[in-house]
Amino acid sequence: MERRSFLAALAASGVATNGVPARGETERALREVAAGKGMWFGAAAGWPLLRDNEIYARQFATECNMLVPENVLKMQVVHPEPERYNFEPGDFLAAFCQKHGMKMRGHTLVWHQQMAPWFQGVATRENARRLLEEHIRAVAGHYRGKIESWDVVNEAIDVKDGIAGGLRKTPWFELLGPEYIDFAFRAARAVDGEARLVYNDYGLDYADEGTAAKQEAVLRLLRGMLERKVPLDGFGTQAHLNVASREKFKPEALRKFLGEVAALGLKIYVTELDVIDQALPDDVEARDRGVAEFYEAYLSAALDVKAVVAVLTWGLTDRYTWLARRHARASGAPIRPLPLDREYGRKPAWRAIGRAMEGRRG
Ligand code: XIL
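A. Quick look at the overall build of the protein. Assigned secondary structure in the protein consists of 15 helices and nine strands. In terms of C-alpha radius of gyration, the protein reaches 20 Å, essentially the compact-globule figure of 21 Å for 362 residues. Along the first, second and third principal axes, the C-alpha set of the protein runs to 60 × 45 × 40 Å. If you take every contact in the protein between residues at least 6 apart in sequence, the share linking residues at least 24 apart comes to 78%. Accessible surface, the protein as shown: approximately 15200 Å² in total, 49% of it carbon and sulfur. Positive and negative side-chain charges of the protein, numbering 51 and 49 respectively, have mean locations separated by a distance of 3 Å.

As structure tokens, this is what we get:
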């Protein structure tokens with residue numbers, strides 16, 4: 001079977017395809033580099049891959065001191081029926097983290113996508129508050145003591161929706177109005193007094209007008225929550241990057257934005273980093289170089305901001321990336337957005353992440 005022959009091949013060669021030393025060889029794993037700087041490196045893990053694929057699991061244990069479930073703590077998976085929760089996959093991941101000395105992030109309690117299949121038919125203005133509170137109490141309560149930080153609310157800003165404060169028109173917004181955000185954080189704090197409570201969003205990476213407007217709206221939201229004494233501890237920036245927009249990335253603009261978040265007293269997480277490579281040539285070396293260059297430029301700037309405590313990529317190996325279909329290459333060549341290649345070998349992007357963390361001033 002694929003996995004067996006693969007294991008055998010890897011064991012036999014010991015070295016990744018592109019000449020970069022493989023696991024356990026001459027270079028320190030990213031988790032060690034991160035730990036040396038008092039921070040975390042992690043990635044989003046797929047289920048049931050982590051349980052069923054030995055090499056995949058081993059790479060997570062080797063490279064990461066933090067893990068975030070890619071899908072299994074989303075409402076759709078964890079809360080499949082109004083009265084039923086499915087904690088089995090999340091429990092496996094939590095046990096994996098404990099076994100390998102990794103922190104676990106929770107993603108995510110409130111999001112407008114991947115909501116429960118039953119939600120639309122059940123939720124009304126009258127019961128929405130109770131549904132939201134029950135969901136949060138059950139899920140965050142179940143994982144109390146096991147989660148370093150929760151993405152309590154994900155992607156609540158979309159200035160294009162034209163709502164005051166730049167809020168997105170989500171199902172929760174439509175049922176509960178803007179207060180749903182504060183309410184969710186308070187409900188999370190009520191059941192978990194220890195996890196850092198994080199607001200997470202995307203589209204905050206570039207120096208253009210659209211980004212600036214979203215950054216402003218995010219800052220306004222965070223500031224408002226703190227003024228209202230909402231229990232908010234951190235901010236997550238997804239950082240799904242695209243080489244096609246490389247020119248629009250300006251280190252000073254990112255430092256300024258993250259510096260403003262830090263000035264609010266919040267910890268910052270780079271939560272979902274990956275780099276879309278469609279704008280680069282098919283040639284693997286050139287492509288890996290271009291992707292790595294963006295990783296390093298982005299992270300060097302972000303890590304200048306002391307409040308940044310963790311870097312997580314959205315996946316670890318190019319073999320499994322949510323971008324495969326969304327950002328397929330015209331030639332059909334597989335995309336290469338992550339630190340490890342399809343054979344789990346360390347890529348230039350892996351080195352770039354390591355260098356950016358190493359280069360961080362104490
Ligand atoms: C993605 C997952 O990677 C996919 O497997 C799933 O089909 C859709 O969601 N922003 C987020 C993540 O906060 O939860 C998303 O994850 C990617 C974008």
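B. Inspection of the layout of surface pockets at higher detail. When its volume is computed, the largest pocket comes out at roughly 450 Å³. Along the walls of the largest pocket sit 22 residues, with Q238, H240, E272, W322 and R326 positioned nearest its centre. Where the lining of the largest pocket is concerned, the elements lending two or more residues are β7 (240–242), β8 (267–276) and α14 (323–326). Residue composition of the lining of the largest pocket, by class: six nonpolar, 10 polar and six charged.

C. Highlighting the environment of G203. Within the element layout of this structure, G203 appears in the loop between β5 (196–201) and α11 (209–227). A residue is classified by how much of its surface remains accessible, and G203, at 32% relative accessible area, is partly exposed. The sequence separation of G203 and H100 amounts to 103 residues, and the corresponding C-alpha distance is 32 Å. Apart from residues lying up to four places away in sequence, G203 is in contact with T211 and K214.

D. Spatial organisation of helix α4 (residues 54–63). Burial of α4 is extensive: eight of the 10 residues sit out of reach of the surface. Those residues of α4 that sit buried are I55, Y56, A57, Q59, F60, A61, T62 and E63. Residue N53 occupies the N-cap position of α4, its side-chain oxygen lying 3.1 Å from the main-chain nitrogen of I55.

Conventions used here
Residue numbers run consecutively from 1 along every chain, following the written order of its sequence. Where local features are concerned, this predicted model is filtered to residues with pLDDT of at least 70; where side-chain atom pairs are given and counted, the filter is 80 or more; whole-chain, interface and lining totals use all residues. The side-chain values count all of the structure's non-hydrogen atoms but skip hydrogen atoms and water molecules. In this text, helices come from DSSP runs of H or I with a minimum length of four residues, and strands from runs of E with a minimum of two, each type numbered from the N-terminal end. In this description the radius of gyration comes from C-alpha coordinates, and the expected globular size is given by 2.2 Å times residues to the power 0.38. Note on definitions: a residue-residue contact is assigned when non-hydrogen atoms from the two residues lie within 4.5 Å. All accessible areas in this document rest on Shrake-Rupley with a 1.4 Å probe, and a residue is counted as covered only by the protein chains that are shown. In summary, the charge assignment counts Lys and Arg as positive and Asp and Glu as negative, without counting His or the chain termini. For charged residues, the charge sits on one atom: NZ in Lys, CZ in Arg, CG in Asp, CD in Glu. Cavities and pockets were defined on a 1 Å grid built from protein atoms only: a cavity is a group of points that admits a 1.4 Å probe but offers it no way out, a pocket is an open group of points flanked by protein on both sides within 12 Å along at least five of seven lines, and a lining residue is one with an atom within 4 Å of any such point. Grid points are joined across faces, edges and corners, and a volume is the space filled by probe spheres set on the points. Side-chain classes are defined by residue name, with Ala, Val, Leu, Ile, Met, Phe, Trp, Tyr, Cys and Pro counting as nonpolar, Asp, Glu, Lys and Arg as charged, and the others, Gly among them, as polar. Accessibility here uses a 1.4 Å probe with only protein chains present; expressed as a share of the type maximum, an area under 20% marks a residue as buried, one over 50% as exposed, and anything in between as partly exposed. Any pair of nitrogen or oxygen atoms within 3.5 Å is treated as a polar contact; in protein, a donor-acceptor pairing is required on top of that, and neighbouring residues in sequence qualify only through side-chain atoms on both sides.

Distances and angles like these do not, on their own, reveal function.
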